[in-house]
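Results of the structural survey
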Amino acid sequence: MNQKNLNIAFFVTTGISVLVFIYLVFLGYDEIKTFKDVIKIIASILFPIPILFFVRLIVIENFMPENTEAYKVENQKPATLFLAITVIVVIIILQILELVTLKKLEDTLILAHLINSTTISSYVFNFLLYNNLKANGVLSGVLMALAIHIFFLSA
Amino acid sequence: MNIIKNQKNQTNSEKRELLFTFQTIIVAGLLAFTAIAFFFYNHLTVVKGIKVIFAPFLSVVPLLFILSILRDLRKGFIEGNYTQKEMVKFGLLTLAITIGFTGITFLLSKINALEILLAGIIAVLSTVFFLRSKIKDILGMSIVTGIAEGIIIYMIFLF
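Rules and cut-offs
- Residues numbered from 1 in each chain as written.
- Chains lettered and ligands numbered in written order.
- Predicted model: local features only at pLDDT ≥ 70, side-chain atom pairs only at ≥ 80, totals over all residues.
- Heavy atoms only, no water.
- Helix = DSSP H or I, 4+ residues; strand = E, 2+ residues; numbered from the N terminus.
- Expected span 1.5 Å × (residues − 1).
- Phe/Tyr/Trp six-rings, centres within 6.5 Å; stacked < 30°, edge-to-face > 60°.
- Buried < 20%, exposed > 50% of the residue type's maximum accessible area, 1.4 Å probe, protein only.
- Core = buried A, V, L, I, M, F, W, Y, C linked by side-chain atoms within 4.5 Å.
- UniProt positions renumbered as here; feature names shortened; annotations may be inferred.

Taking an unreviewed UniProt entry as the reference, chain B is identified by name as Tripartite tricarboxylate transporter TctB family protein belonging to Winogradskyella haliclonae.

Structure, rendered in structure tokens:
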């Protein structure tokens, strides 16, 4: 865990995720009436944590590559490609899901919370422990797609 | 800074053990959370107060007995990596236990007396502590993870 490696991209991504979370809570503010809804939200936030612990236990060998220029150059293209593809694919999937189920994502807020928390925990996990740039691209892509979908496409 | 340095000096098996301990703490927290949620939401009644006090002992006493007589069942966490076959095997095991525990949590939610719920939850907790102290292995980890995920999935989708 090298604290120096926390760069601006990390903070921006985490910030977006927090923003999405706050927005989702506000969006569902009317629906949060009972204790049950609070439990569901807490559960959906906790969901990824045991899985990540399990993954870490299995794959404990430190894969963190030296964050050198060479490593960055080598992975620049595939990572960017992954980012672009994931953003497009996830937005399309979300749109298709809305069309098929005839429901807005806003109606099933738990699902949105689940995607958000799973993605951001995996992102932080990957960033701190493995620093795999390709996985980084995919996870940022999912988060971006979710943010774009929530903020712009389903007004 | 010192803590971070210490972590670097740890061997992989020590790190694994630490993760396993964290996971058991999470499960214990989740179980407490489940008990509180069911208690408030299902308006459980306390039929006989004295039973509530005795309910936990039902599973704690056998646990203590077993812990005192049994030696460690597994050798502990290995230092190197797991093979692909093992990963798939334990991943599937975790999945199966997740599904199983979603069902068990569903059964727990059907209980309508606090003392029985408490007995059930303490029984699960005892199992977890048993795994924690005697089966320090990836097997224990996958079972504990399965229990945690089962409870969470029940809470998200079925509660």
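Relative to the 44 Å expected for 30 residues at 1.5 Å per residue, helix α2 (residues 12–41) of chain B spans 43 Å between its end C-alpha atoms, a close match to the ideal helical length. Directly after α2 of chain B, the chain includes His43 of chain B, whose backbone phi takes a positive value near 50°.

Taken as a whole and assessed by the stated rule, the structure comprises ten aromatic pairs over all chains. Summarising the aromatic geometry, the rings of Phe10 of chain A and Phe11 of chain A are spaced 5.6 Å apart at their centres and angled 75° between planes, so their arrangement reads as edge-to-face. By relative accessible area, which is 8% here, Phe10 of chain A ends up buried. Ring geometry for Phe106 of chain B and Tyr154 of chain B: centres 6.5 Å apart, planes at 55°, overall tilted.

With that settled, the discussion passes to the nonpolar core. Generally speaking, nonpolar side chains in soluble globular proteins are found buried as a group. Ranked by size, the top nonpolar core spans 45 residues in total, and within it Val27, Leu31, Phe38, Leu117, Ile147, Ile151 and Met155 of chain B carry the most contacts. At the level of secondary structure, the elements contributing two or more residues to this core comprise α2 (35–46) and α3 (48–58) of chain A together with α2, α5 (84–110), α6 (114–134) and α7 (138–158) of chain B. For this core, the leading source of residues is α7 of chain B, giving ten residues. Membership of the second largest hydrophobic core comes to 14 residues, among which are Val20, Leu94, Ala112 and Ile150 of chain A.

The subject of this paragraph is the UniProt feature "transmembrane region" (unreviewed entry) in chain A. All names here are of chain A. Feature annotation in UniProt assigns "transmembrane region" (unreviewed entry) to the following positions: residues 6–26, 38–59, 79–97, 109–129 and 135–153. The span residues 38–59 is 91% helical and 0% strand by assignment, and the distance between its end C-alpha atoms comes to 33 Å. Within residues 79–97, the helical portion is 100% and the strand portion 0%, while the C-alpha atoms at the span's ends are 26 Å from each other.

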